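Here is how the chains run, residue by residue.
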Amino acid sequence: MTQEELFKKLIAHCKEYGFVFQSSEIYDGLSAVYDYGQNGVELKNNIRQYWWDAMTRLNENIVGLDSAIFMHPDVWVASGHVGAFNDPLIDNKDSKKRYRADVLIEDWMAKQEEKIAKEVTKAQKRFGDSFDEAMFVKTNGRVLEIQAKIDAVRTRMVKALDDSDLPEVKKIIEDCEIVCPISGSRNWTDVRQFNLMFDTKMGSVSDDANTIYLRPETAQGIFVNYLNVQKTGRMKLPFGIAQIGKAFRNEIVARQFIFRMREFEQMEMQFFVRPGEEMKWFEFWKEKRMSWHKAMGLGEEKYRFHEHDKLAHYANAAFDIEFQFPFGFKEVEGIHSRTDFDLGQHQQHSGKKLQYFDPETNENYVPYVVETSIGLDRTFLLLLSSAYNEEKITKEDGSTDERVVLRIPPALAPVKLAVFPLTKKDGLPEKARQIMDDLKIDFKCQYEEKDSIGKRYRRHDAIGTPFCITIDHQSLEDNTVTIRHRDTMEQERVDASRLREIMEEKVSMKNLLRKI
Ligand code: GAP
């Protein structure tokens, strides 16, 4: 199965098993907006909890916040979003499709990198065990030629975007002979800037002064509250404020399912530090955030850091954490050193002092900020795309079958355990209900008595339930039940009185938090 086929199957699976639905589907949907179904919402809540606990419980100097989506319009002038939160767009005149010009160029660079990878594979086959990849990449003429082309285009693109030189951006597209993926033509319009913020009216519709924005990032709610929290919480530098909430961007290239949405959720943390100490904390948070990801156990090789080619208007250093999605390595989280840009801007635009009095140095200053910003929806997609597995299995009678199993880390799984009476009679449902009632206060459980046990297992494999408990006739005699493990499909018989203790050990969020 190709990665593209895998991704299509994953999207269909998300709908079939109540994870993600297209928004307003009965009206043919709303592009790049999605709803989370009964299993999706549980998974999303668990990811949220994992992030929240990692931030606010494991770090005594990080506290939470829940600021409003609507903010004073001047916030977005001060933050630079009104002036500079733009994407460079270009249209193909034949297909009438609109693209982000920088994404077209980045896709072109990725294709050149694929060419290098092909040269490496070819050489590997030719030279066998004696092949030295590092040496080959440094010395092979063809590879060096492609790499030089990529580097030159990247340098031109970064400069053109930095200078807002849109004719030059178009010229790069022409020079690279980039064609529209739909029409195959090079018939492009000029490149234009397009602001990504959604606006709406507050109060009287006719009054222009009341235009307000749906926040494009949650971070600004933290900046404008930083002194409130610092003073009321008696926080000393360095300290952090964490927030989870919706953000909105009028994305033009909205694609790859929930990877790029117009309404999405961010989990952001702003860490306020002494000026001059920001690079130390930047390195600290880069590593800490990577270990949060790795603790989920999805495979260390699936992650990498990527340094930004072009820094945002507020940053002096920025790295992405990228994950290997079915459509390639892509950003899931950003770690940014935002200097004192935002607080400085808000101080200037609001006319209110946003300085911190440092009792150790007896100085007043505007703190510097290191930010960690992760997309909740992207983390959801990352988990599902690495969890989705199609497997051939051999049954006890020797026949073969297939199953789709979501190998979600147990602590994050939407349903932790399913409780099945073997049959619908002989007092088994009553016994199963009793066990379920006892456990449901601690774990998200589901009771099922319809269909064969095999079918019930398949249904729960497909939503990633790590454990299924079956109550049979022996259970009535000696109070034992079987636990069936999702990943190994092994079964073990245990005393029902031990279930809480066994489950607690296997599905607790503590298992993840301890690894960070
Ligand atoms: N406060 C900094 C900030 O917003 P960003 O790199 O623009 O930085 C941070 O966004 C994270 O938010 C991204 O790494 C991504 O996971 C998520 N994100 C951004 N735009 C998104 C979109 N349109 N759909 C889904 N997630 C998005």
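Keep in mind it's a predicted model, so treat the numbers as computed, not measured. (Residues numbered from 1 in each chain as written. Predicted model: local features only at pLDDT ≥ 70, side-chain atom pairs only at ≥ 80, totals over all residues. Heavy atoms only, no water.)

Q: When you look at the overall build of the chain in this model, what are you seeing that I'm missing?
A: Counting its secondary structure elements, the chain contains 17 helices and 23 strands. In terms of its C-alpha atoms, the chain occupies a principal-axis envelope of roughly 80 × 65 × 55 Å. Per-residue burial over the chain gives 49% buried out of 516 residues. Counting contacts in the chain only where the partners sit at least 6 residues apart, residues at least 24 apart contribute 65% of the total. Of the roughly 25200 Å² of accessible surface on the chain, 48% is carried by carbon and sulfur atoms. Looking at the chain, you have 76 positive and 85 negative side-chain charges, and the mean spots of the two groups are 2 Å apart. (Helix = DSSP H or I, 4+ residues; strand = E, 2+ residues; numbered from the N terminus. Buried < 20%, exposed > 50% of the residue type's maximum accessible area, 1.4 Å probe, protein only. Contact = heavy atoms within 4.5 Å. Areas by Shrake-Rupley, 256 points an atom, 1.4 Å probe, with all protein chains shown as cover. Lys, Arg positive; Asp, Glu negative; His and termini not counted. Charge placed at Lys NZ, Arg CZ, Asp CG, Glu CD.)

Q: Sorry, what's going on with the site of the ligand here?
A: Around the ligand lies a shell of 21 residues, among which Glu217, Met261, Glu268, Glu331 and Val332 are the nearest. For the ligand, a nitrogen atom lies 2.5 Å from a polar atom in the side chain of Glu217. Residue Gln266 places a side-chain N or O atom 2.9 Å away from an oxygen atom belonging to the ligand. Relative to its unbound accessible surface of 560 Å², the ligand loses 93% to contact with the protein. Breaking the shell around the ligand down by element, the ones donating at least two residues are strand S10 (263–273), strand S13 (328–339) and strand S16 (368–375). Residue composition of the shell around the ligand, by class: six nonpolar, five polar and ten charged. (Near = heavy atom within 4 Å. Polar contact = N/O pair within 3.5 Å; in protein donor to acceptor, adjacent residues only side chain to side chain. Nonpolar A, V, L, I, M, F, W, Y, C, P; charged D, E, K, R; others polar.)

Q: What am I meant to see in unusual backbone geometry here?
A: If a residue is not glycine, its phi is most likely negative; likewise, a peptide bond is most likely trans. At the junction of Leu237 and Pro238, the peptide bond is cis and its omega measures out at -5° in the coordinates. The topology assignment puts Pro238 in the loop between helix H9 (219–232) and strand S9 (239–248). Positive phi, normally seen in glycine, also occurs at Asn362, with a value near 60°. Tracing the sequence through the fold places Asn362 in the loop between strand S14 (356–358) and strand S15 (363–365). Positive phi outside glycine occurs at Met489, with the angle close to 65°. Within the secondary structure, Met489 is located in the loop between strand S22 (480–485) and strand S23 (491–495). Met489 gets classed as partly exposed once you look at its relative accessible area, which sits at 27%.

Q: What's the story with the pairing of S16 in this structure? I'm lost.
A: Across a regular strand the side chains alternate sides, sitting on one face of the sheet and then on the other. Burial analysis of S16 places eight of its eight residues in the buried class, which makes it a mostly covered element. Here S16 shows a buried face lined by Tyr368, Val370, Thr372 and Ile374 and a second buried face lined by Val369, Glu371, Ser373 and Gly375. Direction of pairing for S13 relative to S16: antiparallel, over a ladder of six bridges. The residue bridging His336 from the neighbouring strand is Glu371, located in S16. (Pairing = 2+ DSSP bridges.)

Q: I keep staring at the pattern of salt bridges and nothing clicks. Help me out?
A: Evaluation of the coordinates by the stated rule reveals 50 salt bridges. Between Glu168 and Arg156 there is a salt bridge whose closest N-O contact spans 2.9 Å. Taken as a pair, Glu168 in helix H8 (residues 166–175) and Arg156 in helix H7 (residues 141–162) lie far apart in primary sequence, twelve residues in all. For Glu168, a relative accessible area of 23% puts it in the partly exposed group. With a shortest N-O distance of 3.0 Å, Asp342 and Arg338 are connected by a salt bridge. The exposure classification of Asp342 matches that of Arg338, with both residues buried. (Salt bridge = Lys/Arg side-chain N within 4 Å of Asp/Glu carboxyl O.)

Q: Explain the domain arrangement of the chain to me, please; I cannot follow it from the model alone.
A: Frequently, the measure chosen for interface size is the accessible area that the parts lose on association. Along its sequence, the chain is carved into domain 1 (1–67 + 196–392), domain 2 (86–195) and domain 3 (410–513). A C-alpha centroid distance of 28 Å is found between domain 1 and domain 2. Interface of domain 1 and domain 2: buried area, both sides summed, is about 1000 Å²; carbon and sulfur atoms make up 57% of it. When the buried surface of domain 1 facing domain 2 is broken down by residue, Leu196, Ile252 and Lys310 rank first, second and third, together holding 50% of it. In this structure, the connection of domain 1 to domain 2 is made through zero salt bridges. One can count one residue pair in polar contact (both at pLDDT 80 or more) joining domain 1 with domain 2. Considered class by class, the residues forming the side of domain 1 that touches domain 2 number four nonpolar, one polar and five charged. (Domains from an automatic or database assignment. Buried area = accessible area lost by both parts, 1.4 Å probe.)

Q: Looking at this model, I keep getting lost on the packing of aromatic side chains. Mind explaining?
A: Ring pairs (aromatic) are described by centroid distance and by the angle formed between their planes. Tallying each qualifying case throughout the model produces 25 aromatic pairs. With a centroid separation of 5.0 Å and an interplanar angle of 65°, the aromatic rings of Phe7 and Phe327 are classed as edge-to-face. Highlighted residues: Phe7 in helix H1 (residues 3–16) and Phe327 in the loop between strand S12 (317–325) and S13, separated in sequence by 320 residues. With a centroid separation of 5.1 Å and 65° between ring planes, the pair formed by Tyr303 and Phe323 is classed as edge-to-face. (Phe/Tyr/Trp six-rings, centres within 6.5 Å; stacked < 30°, edge-to-face > 60°.)

Q: What exactly am I supposed to notice about the side chain of Asp358 here?
A: Note that Asp358 resides in strand S14. For Asp358, a relative accessible area of 2% translates into the label buried.

Q: What am I meant to see in the environment of Trp108 here?
A: Position of Trp108 among the secondary structure elements: in helix H5 (residues 101–127). Using a relative accessible area of 12% as the deciding quantity, one classes Trp108 as buried. Considered as a pair, Trp108 and Phe327 are 219 residues apart in the sequence and their alpha carbons are 15 Å apart. In this structure Trp108 touches Lys149, Val153, Cys176 and Ile178, once residues within four positions along its chain are discounted.

Q: How should I be thinking about the sheet that holds S12 in this particular structure?
A: For sheets, the rule is that strands pair by backbone hydrogen bonds, running either parallel or antiparallel. Pairing is mixed across the open sheet formed by seven strands, whose spatial order is S3-S9-S10-S16-S13-S12-S11. Pairing within the sheet leaves two strands with one partner each, and these edge strands are strand S3 (62–65) and strand S11 (303–307). Looking at each pair of strands side by side, their axes are set apart by 25° on average, direction ignored. Relative to S16, S10 runs antiparallel, the two being bridged by eight bridges. What sits directly across from Gln270, in S16, is Glu371. Those strands touched by helix H2 (residues 38–56) are S3, S9, S10 and S16, and its axis lies near 160° from that of S9. (Axes fitted to C-alpha atoms, helices over the stretch in contact; angles between N-to-C directions.)

Q: Looking at this structure, how should I read the packing of H5 against H8?
A: The relative placement of two packed helices is expressed as an angle between their axes plus a distance between the axes. Interhelical geometry of H5 versus H8 gives an angle of 30° and a closest axis separation of 10 Å. For the crossing formed where H5 meets H8, the hand is left-handed. Contacts between H5 and H8 involve Ala101, Leu104 and Ile105 on the former and, on the latter, Val169, Ile172 and Ile173. Its residues assigned to classes, the contact of H5 with H8 shows six nonpolar, no polar and no charged. (Left-handed = near helix turned anticlockwise from the far one by under 90°.)

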